[in-house]
Structures are given as C-alpha cells and as structure tokens.
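Spelled out, the chains give:
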Amino acid sequence: MPKIDRDQLEDICVTALQAAGTSEADARVVADHLVDNDTLGHHSHGVLRLREYVDAIDRGELIPDAGPRIVTESASTAQIDGNWAFGQVVAEFASDLAIEKARTAGIGSVTIRRVKHIGRLGRYAEKAAGRDMASIIFTCGGGHGINQAPFGGTERRLNSNPVAMSFPSALEGPYLMDMATSVVAEGKVRMYRFRGEQTPTGWILDSDGNPTTNPADFYEGGTILPLGRDEGHKGYALAFMVDLFGGVLSGGGIPGDPTDSFSNDSMIIVLDPQRFVPIDEAKRRASIMTEHIKDTRLRDESRPIMYPGEIEARARTANRDKPIELVEATWEGILSVLRQFSIPSGRWHVVG
C-alpha cells in the first residue's frame, strides 16, 4: 500500500482543493482535518474523502469559496447558515463561537445548517476540551445520506447521526466520545469494501432485509443496523433524537423533509465547567474516577481498559512522525483528482 509523509499528503490536498476553487486558508483547514484523521487511524474520515469533496464541487453542491453567516444570535445561542461551504470550515467557526459564548455566558449553543460533510466530530469536541470546556455535539445528514434502518425495520430511514462529547482532563488527551448511532459509520463499511474484506456479523442487511457480511450488499440497497444490534432500540432512539436537535432546531433538513443536498446539520453545545466547579478540581476528580475504573480485573490481559479518548491521544503521539499508509483505492481516488486538474503527482514522494 502507498505510504506518504503527513506534510506531503496535506500539501497534496491543499494543492488539489485550491485547484478546485478553494482559498488557501480554507484548503489548509480541510486538509489538516483529513490528514489528522488518517494519523489517528480514522481512515473513514481521512483523505479518501478528497475525491468525494471535489465531486460535490463539480455537481455544484459544495461552494468552495463560500463561508458561514450568523443568521440569529443571542448571548448564549447562534444559528449559522453554512452557505454550502466546506463543513470543516463552518464547524470550526461554529465551535469557536460556541466556546466564546460559553466563556462569557456559561453555555454556548450553536446550530449550523446548509453545510457539507464536517468530518470527525471528535475534532471539534477536542478543541473545546483543549480550552477547558465540556461539549456535546449532535450531527445529522439534512435528510440525506440515509443509511440506517430504524429498530425493527429493514429499510433505510435515518443517517448514521453521530454524537460526540468531551470533557477536559489532566491526562494525555481529553475525555472524548465520538460515535455513530448506527452500529458502525458508513465510512467504515466503505473501508472494508476498499480492502476487499467482509464486515463483521451484525453490521448490515442486504436489500431483501437479510443479514450479510458482504459490504457490496450495503451499496446495492442494503442498510446499516442501529447501535446495539439485538438491543438496537437504544441506538435507534439516539439517532431519532439527533435529527431533532441537529436537524429541526438548526432549521435544516430531516428524513422525510430533506434539504436540497446532503448537509451535516448540527447543534454544538459547549459548557464552561468552572460555572459549576473549579476546573482543577474537575480534572482532579475525573482522574480519580479514571484510575478507579482502570484498576479492575481484565477479561483479556492484552486489552487494557482505556478512558474514552485515550486511543486517539496515544495514536496521535505514536503516529505523528510516521508516514501515512493508504489503501490502493484511496490513493487512486487522490490521483484521479490530481489528473483532473493536470497536477503532476511526481511533485511528491510516495513509497509503494
């Protein structure tokens, strides 16, 4: 599989996005997000998305030179229209605004609508925790990207509708939860297809509603099951509520009443913990709880208990200076973008 240094991969993305009409500043925001996700091992939200983003620009669904606009605002709330700009650009703006409002008002609740794929929610939650804030994020698909069956159903009716939460810590990384409300995000199924591997049992149904482990069956009319599998009513309920918070309250799209195209309509809530307890005390007690939970007998000695977010924190440290390994299909997608804009790939050194 091709390997390329992080800085070079980021430069490829910036160059391609600028050729597609994006400003250098916005291109760097998007590229940094994509490459960071690959660094963490979250390849479903990494540079494989470059081809997808350029295709959205070509269709006129993503406006590469657009930017966010505040529609309504109060001391603790704001509603943002993304104007179909890059999702990472809009969500970074919204996160900063929510953090600023939480700093002054104790809480900041900001919604975004008409916004393209915002990527890994954990990135925005990490930003809040890095500024000693806590956060909750709800993100839907604007009534598009429908890929999840409701509990008891066999047809697509919901998006994977992820939820993220974060809390500041005194450890290597923040406390971080970032998960789809479906049993798995669609991008993970895509990675199994790219690698030519079968998905785990209990992830997907085929178009006839039968269980399958062939990822191609999902893309031929199948569906992803809700989080919890046999107890999927819990994941389904979470997915339903995400559309209410992220879709209805943002003024965006919902299943049955979608926007013009896919939109990661979201609500970003940021809380200032110091309105409740001194931040050092909050971190100290969180560490006590973490140590207590980790100090337990293991089912498998090779798999230690980790706090939520520890895997990402360790991966970022371990992989920061390593080249990123890409599956062949992802690299071919990148090359197709470079060919589209007549950008010679020989400018960058790729191994393999």
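Please refer to the structure placed before this passage.
### Details of the pairing of strand β11 (residues 266-271)
Consecutive residues of a regular strand have side chains that alternate between opposite faces of the sheet.
Phase 1: Among the 6 residues that make up β11, 5 are buried, leaving the element largely enclosed by the rest of the structure.
Phase 2: Pairing between strand β4 (residues 107-115) and β11: 6 bridges, direction antiparallel. Within β11, the residue paired with Val110 across the bridge is Ile268.
Phase 3: By the bridge criterion, 6 bridges tie strand β5 (residues 134-139) to β11 in an arrangement that is antiparallel. Looking at β11, one finds that Ile136 is bridged to Ile269.

### Regarding the pattern of salt bridges
Phase 1: By the definition in use, this model includes 27 salt bridges.
Phase 2: We note a salt bridge from Arg316 to Asp36, for which the minimum N-O separation is 2.7 Å. A residue pair is termed long-range when its members are at least 10 positions apart, and Arg316 in helix α10 (residues 310-319) and Asp36 in helix α2 (residues 24-39) qualify at 280 residues.
Phase 3: Lys127 is the salt-bridge partner of Asp96, the closest N and O atoms lying 2.9 Å from each other. Taken together, the residues span a long stretch of sequence, with Asp96 in helix α4 (residues 87-105) and Lys127 in helix α5 (residues 121-130) at a distance of 31 residues.
Phase 4: Classification of Asp96 as partly exposed rests on a relative accessible area of 29%.
Phase 5: One continuous salt-bridge network, built from bridges that share partners, spans Arg6, Asp32, Asp36, Arg120, Arg123, Glu126 and Arg316.

Definitions and limits used
- Residues numbered from 1 in each chain as written.
- Predicted model: local features only at pLDDT ≥ 70, side-chain atom pairs only at ≥ 80, totals over all residues.
- Heavy atoms only, no water.
- Buried < 20%, exposed > 50% of the residue type's maximum accessible area, 1.4 Å probe, protein only.
- Helix = DSSP H or I, 4+ residues; strand = E, 2+ residues; numbered from the N terminus.
- Pairing = 2+ DSSP bridges.
- Salt bridge = Lys/Arg side-chain N within 4 Å of Asp/Glu carboxyl O.

Don't take any of this as a statement about function, it's just geometry.
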